[in-house]
Amino acid sequence: MHKTCTCGQTMTMKLRTVIYSGKVEIDNVPIYSCPSCSRSEVLPEVKPDLTGLIGQLGEEPAKQTLLFNELNEWADLLLEASASRKTPSGPAVQQIVDERIDSLLELLLLAGSVGDEAWRQDIEKRLAQLSRCTLHT
Ligand SMILES: [Zn+2]
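Predicted model, so just to flag it, every value in this text is computed and none were measured.

Around the zinc ion, the donor atoms from the protein are Cys5 (SG), Cys7 (SG), Cys34 (SG) and Cys37 (SG), and they sit 2.3 Å away. Coordination at the zinc ion is tetrahedral: its four donor atoms span angles of 106 to 118° at the metal. Sequence positions of the residues that donate to the zinc ion give the spacing C-x1-C-x26-C-x2-C.

As C-alpha cells, this is what we get:
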C-alpha cells in the first residue's frame, strides 16, 4: 500500500478524517500522505465514492459526522486490516479483499434466491466498489 510522491519519497496510506465545509467530519477516509513534503491525496479507488458523498451533502451541509467505511467497502476493508495489523501490507489486504468478495458473492446468491431486489442491488454496488480497486504493491 505504498505510492511514490512527486518529490520521490514513499507515500504511506492512512485512514484520516476529512472535514468538508468546516461542518461535516468524514472519518476513515483512506489517504496517501508524504512524510517529506506533506502532500496528500485520496486513494484513487475511493475517490468516486467520496466525491459522490460530498455531492450529496451539497453546499450547505448540516453539522454531522459520517463514517466513510460504512459507505465504501474499500475503506471498510482497510479499517479491518489496520485493526488486526498495525500497518496493512499488500498481501494481507489482498487476502481480506478476496475473503470479502467471497462472502459478498454468497450474499448475492442468497439475496437473489429470496428475491430481495434492493438487497441484491446493494451487494452488487459493494462488489463493484471492490472490483474497482487494484493494488499497487
Ligand atoms: Zn512528497
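The next subject is a nonpolar patch on the surface. A cluster of nonpolar side chains, namely Leu107, Leu110 and Val114, defines an oily patch on the protein surface of about 250 Å² accessible area. On the secondary structure map, Leu110 appears in helix 3 (residues 90–114). The exposure class of Leu110 is partly exposed, given its relative accessible area of 42%.

Turning to its location among the elements, Gln129 is positioned in helix 4 (residues 117–131). At 3.2 Å, the side chain of Gln129 and the backbone oxygen of Leu71 are in polar contact. Non-local contacts of Gln129, meaning those with residues more than four positions away in its chain, are made with Asp49, Leu71, Asn72 and Glu73.

Reading guide: rules and limits
Residues numbered from 1 in each chain as written. Predicted model: local features only at pLDDT ≥ 70, side-chain atom pairs only at ≥ 80, totals over all residues. Heavy atoms only, no water. Donors = N, O, S within 2.8 Å, 3.2 Å for Na, K, Ca; no water. Tetrahedral: all angles 85-135°; square planar, octahedral: opposite > 155°, others 65-115°. Patch = residues over 30% accessible without salt bridge, like charges linked within 9 Å, V, L, I, M, F, W, Y side chains within 5 Å. Areas by Shrake-Rupley, 256 points an atom, 1.4 Å probe, with all protein chains shown as cover. Salt bridge = Lys/Arg side-chain N within 4 Å of Asp/Glu carboxyl O. Helix = DSSP H or I, 4+ residues; strand = E, 2+ residues; numbered from the N terminus. Buried < 20%, exposed > 50% of the residue type's maximum accessible area, 1.4 Å probe, protein only. Polar contact = N/O pair within 3.5 Å; in protein donor to acceptor, adjacent residues only side chain to side chain. Contact = heavy atoms within 4.5 Å.

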